[in-house]
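Commentary on secondary and tertiary structure
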Amino acid sequence: MSDLIGNELPNETLVFMDKDKGPQPLKILDFCKGKKIVIFGVPGAFTPTCSTYQLPGFEENYETIIDNNIDEVYVSSVNDSFVMNAWFDSLGISMVQPIADGNADFTRQMGMLVKKEPVCFGYRSQRYSMVVDNGRVEMIFVEEGKEVRKGALLAQINDSGLQEQLEQLVIQTNFAKENFERVQRLWDNNIGSEMQYL
């Protein structure tokens, strides 16, 4: 996955929900053109950790992220656009925007697709966050568990100014990592149910 740094995103078709026109398919590179954005991936809409910590955390820090030379913030999940919008509506999310990867094509090409068969989820996305500048991956963080490496920072950026500007993004990623490790300890000790760990 570290070979993503500096390279273009895989130009797969994702679905963006237009309030007037409904679901709109769009090639990701067309969408990213001329913008610096944050994309973060989650295992699924309505899952406890994503709904309690990750998505609300980015919404809460949205303005801080935007103030640091970022144009927009998006969440991607292997769900359809109707489920994604219902999830956003249920949490009152208005600034972060959803992107649906219903066929998992983008997630697969990113190398982020993992099996969630123990909880009957099939294939889903790992948790990750990345900064994308004009379609190219500038930095990426991946939260890793049983299927992947544990919380590794895949690349250090050379521009210390950008790293400072994106401090809030890093804080949110670390928060998600700490929460994952807490859940992992519960899992390892057989505390709670499998559905609590998504």
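Residues numbered from 1 in each chain as written. Predicted model: local features only at pLDDT ≥ 70, side-chain atom pairs only at ≥ 80, totals over all residues. Heavy atoms only, no water.

Quick notes on the pattern of salt bridges
Rules: Here a salt bridge means any side-chain nitrogen of Lys or Arg lying within 4 Å of a carboxyl oxygen belonging to Asp or Glu. A helix here means a DSSP run of H or I that spans at least four residues, while a strand means a run of E at least two residues long, and both kinds are numbered starting from the N terminus. Residue exposure (1.4 Å probe, protein chains only): buried if accessible area is under 20% of the type maximum, exposed if over 50%, otherwise partly exposed.
Applying the stated criterion across every chain, the model contains three salt bridges. Between Glu 72 and Lys 35 there is a salt bridge, and its shortest N-O distance comes to 3.1 Å. Residue Glu 72 is found in strand β4 (residues 72–77), and its partner Lys 35 is found in the loop between α1 (28–32) and β3 (36–42); the two are separated by 37 residues along the sequence. Accessibility classification places Glu 72 together with Lys 35 in one group, the buried group. Note that Glu 138 is salt-bridged to Lys 36, the shortest N-O span being 3.4 Å. Note that Glu 138 is positioned in strand β9 (residues 136–143) and Lys 36 in strand β3, a separation of 102 residues in sequence. Residue Glu 138 is classed as partly exposed on the basis of its relative accessible area of 22%. Here Lys 36 falls in the buried class, since its relative accessible area comes to 11%.

Considering the packing of aromatic side chains
For any pair of aromatic rings, the description consists of the separation of the ring centres together with the inter-plane angle of the planes. Short version of the rule: Centres within 6.5 Å make a pair out of two Phe, Tyr or Trp rings, where for Trp the six-membered ring is used; the pair is then stacked when the planes are under 30 degrees apart, edge-to-face when over 60, and tilted otherwise. Whether a charge sits over a ring comes down to the Lys NZ or Arg CZ being within 6 Å of the ring centre and within 35 degrees of the ring normal.
A complete count under the given rule lists five aromatic pairs for this structure. Aromatic rings pair up to connect Phe 16, Phe 31 and Tyr 74 into one cluster. One residue, Lys 35, lies across the ring of Phe 31, its end atom 3.8 Å from the ring centre.

Concerning the environment of Ser 125
As a reminder, the rule being used: It only takes one pair of heavy atoms within 4.5 Å for two residues to be counted as in contact.
Within the secondary structure, Ser 125 is located in strand β7 (residues 123–125). Spatially, the C-alpha atoms of Ser 125 and Thr 107 are 6.2 Å apart, while their sequence positions differ by 18 residues. Contacts of Ser 125, omitting those with residues within four sequence positions, involve Gly 41, Val 42, Pro 43, Val 78, Thr 107, Met 112 and Val 114.

Some points on the packing of helix α2 (residues 48–60) against helix α4 (residues 81–91)
Which entries qualify depends on this criterion: Axis lines are fitted through C-alpha atoms, for helices just across the contact stretch, and the angle between N-to-C directions can take any value from 0 to 180 degrees. Here the word oblique covers every angle except those under 35 degrees (roughly parallel), over 145 (roughly antiparallel) and from 65 to 115 (roughly perpendicular). Classes in brief: Ala, Val, Leu, Ile, Met, Phe, Trp, Tyr, Cys and Pro nonpolar; Asp, Glu, Lys and Arg charged; the others, Gly included, polar.
At a minimum axis separation of 12 Å, α2 and α4 run at an interaxial angle of 75 degrees. By the angle class used here, α2 and α4 are roughly perpendicular. Between α2, through Cys 50, Ser 51 and Leu 55, and α4, the contact on the second element is made entirely by Trp 87, Phe 88 and Leu 91. For the contact of α2 with α4, a count of residues per class yields five nonpolar, one polar and no charged.

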